[in-house]
Amino acid sequence: MAVVDVSEALKSLSSTMESVEAVLDLAAMRAEVAALEEQAAAPSLWDDPEHAQHVTSRLSLLQGQVRKVEELRARIDDLEVLFELAEAESDDDTRREAEAELVSVRQAVDELEVRTLLSGEYDQREAMISIRAEAGGVDAADFVEQLQRMYLRWAERRGYPTQVLDTSYAEEAGIKSTTFTVKAPYAYGTLSVEQGTHRMVRISPYDNQGRRQTSFAGVEVLPVVEQTDHIEIPENDIRVDVFRSSGPGGQSVNTTDSAVRITHLPTGITVSCQNEKSQIQNRAAAMRVLQARLLARQREEEQARMDALKSDGGNSWGNQMRSYVLQPYQMVKDLRTEHEVGNPQAVLDGDIDAFLDAGIRWRKQQGK
């Protein structure tokens with residue numbers, strides 16, 4: 001990397017960071033942090049637990065954002081000093097260290113820049129992901145299991161906690177459906193671009209004639225419901241059924257009727273949970289899933305009214321959005337953004353950040 005390239009790279013990095021800081025409005029964020037800290041210190045804060053939860057969670061989120069921006073700005077300033085030191089002393093080791101840090105900082109700034117595009121009402125929330133097998137038989141069930149692993153590995157790489165709420169195993173192999181949560185700020189905004197139909201093409205390991213098989217899986221991404229959402233579900237609006245869990249399990253799974261299925265009678269929405277040890281825990285988890293789906297339904301109805309007013313035909317989240325081709329060639333391609341890579345195994349192993357970034361930028365361009 002020539003000296004002039006370093007200068008241009010640092011100038012570009014600093015310019016991008018200035019744009020990010022302007023969009024985030026760092027001064028306003030610091031002012032809000034100060035106001036929230038004052039509220040959090042008040043002795044009467046927990047007299048209203050709902051308000052207290054909102055104050056403390058918002059404060060924690062903003063403090064983390066401000067800290068990240070300040071740390072990145074400091075790293076950019078340190079980079080310039082590091083390159084100058086390497087140049088002055090003709091130190092190749094220091095220069096290699098500076099170049100590696102430049103790559104790392106550029107990646108971190110790019111991620112933060114994408115984060116500024118997540119300004120939707122629920123984008124800051126944790127995410128609840130449901131995946132279901134569609135056309136393709138046993139291959140579709142196997143595909144669902146691969147997609148679940150892909151998202152869980154992505155979360156694991158980033159240090160995000162996850163919780164599997166429900167898994168319905170297919171008879172021959174794979175998973176018919178699964179629901180799990182990713183517990184991190186902005187998980188919903190980041191992963192919501194994954195919603196839609198995913199398609200896999202490969203030589204089926206379940207076909208004794210070795211034929212190529214196309215299978216489909218549907219991915220649904222919902223924001224996790226918070227107490228402030230006020231999604232009330234009257235008891236007489238639901239039917240609760242209990243049954244014995246199926247599939248692999250531990251000591252108390254498969255031995256008692258601990259799994260719970262809840263049907264919301266006014267809408268016909270049905271959810272189930274069987275991964276917790278007790279019926280009470282499974283019922284609580286199933287209610288959280290039902291609340292998330294009712295919140296999403298409410299948002300869809302509001303969006304449909306807006307789309308009708310704008311006469312733009314609405315969105316197309318239900319259409320095919322990504323293809324994973326393993327045979328006759330190797331490629332994963334997003335059908336909306338045109339982003340593609342030639343290493344499906346890396347993608348299925350959780351390397352999906354480039355697809356997420358492209359999807360978020362695409363959505364912003366579409367005004368969604």
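Residues numbered from 1 in each chain as written. Predicted model: local features only at pLDDT ≥ 70, side-chain atom pairs only at ≥ 80, totals over all residues. Heavy atoms only, no water.

Caption draft 1: Expanded view of the pattern of salt bridges. Here the structure, examined in full by the defined rule, presents 27 salt bridges. Between Asp-349 and Arg-149 there is a salt bridge whose closest N-O contact spans 2.9 Å. With a gap of 200 residues between them, Asp-349 in the loop between α8 (344-348) and α9 (353-366) and Arg-149 in helix α5 (residues 137-158) connect regions that are remote in the sequence. For the salt bridge of Glu-220 with Arg-293, the shortest nitrogen-to-oxygen distance reads 3.2 Å. Taken together, the residues span a long stretch of sequence, with Glu-220 in strand β5 (residues 212-223) and Arg-293 in helix α7 (residues 279-310) at a distance of 73 residues. (Salt bridge = Lys/Arg side-chain N within 4 Å of Asp/Glu carboxyl O. Helix = DSSP H or I, 4+ residues; strand = E, 2+ residues; numbered from the N terminus.)

Caption draft 2: Molecular detail of the nonpolar core. Counting residues in hydrophobic clusters, the biggest one holds 58 residues, and the most contacted among them are Ile-129, Ile-131, Leu-147, Tyr-151, Leu-191, Leu-290 and Tyr-324. Per-element accounting of this core gives the leading share, nine residues, to α7. In this structure Tyr-151 touches Ile-129, Ile-131, Phe-180, Leu-191, Glu-194, His-198, Val-219 and Ile-352, once residues within four positions along its chain are discounted. Membership of the second largest hydrophobic core comes to 26 residues, among which are Leu-13, Val-33, Ala-52 and Leu-82. (Core = buried A, V, L, I, M, F, W, Y, C linked by side-chain atoms within 4.5 Å. Buried < 20%, exposed > 50% of the residue type's maximum accessible area, 1.4 Å probe, protein only. Contact = heavy atoms within 4.5 Å.)

Caption draft 3: Fine view of the sheet that holds strand β8 (residues 269-273). An order of β6-β7-β8 is seen for the three strands of this open sheet, with the pairing classed as antiparallel. Single-partner strands in this sheet number two, and they are β6 (238-243) and β8. The average undirected angle you get between the axes of adjacent strands in this sheet is 15°. Inspection of the sheet shows strand β7 (residues 259-264) paired to β8 by five bridges, in the antiparallel sense. Paired with Ile-262 across the strands is Val-271, a residue of β8. (Pairing = 2+ DSSP bridges. Axes fitted to C-alpha atoms, helices over the stretch in contact; angles between N-to-C directions.)

Caption draft 4: Inspection of the side chain of Glu-276 at higher detail. Here Glu-276 lies in the loop between β8 and α7. Despite its burial, Glu-276 remains without a salt bridge, the nearest opposite charge being carried by Arg-288 at 5.3 Å. Among the polar contacts listed, one links the side chain of Glu-276 to the side chain of Gln-163, at a separation of 2.6 Å. (Lys, Arg positive; Asp, Glu negative; His and termini not counted. Polar contact = N/O pair within 3.5 Å; in protein donor to acceptor, adjacent residues only side chain to side chain.)

Caption draft 5: Region of the structure containing a negative patch on the surface. The grouping of Asp-77, Asp-78, Glu-80 and Glu-84 at the surface amounts to a negative patch. You can see Glu-80 is positioned in helix α3 (residues 49-89). (Patch = residues over 30% accessible without salt bridge, like charges linked within 9 Å, V, L, I, M, F, W, Y side chains within 5 Å. Areas by Shrake-Rupley, 256 points an atom, 1.4 Å probe, with all protein chains shown as cover. Charge placed at Lys NZ, Arg CZ, Asp CG, Glu CD.)

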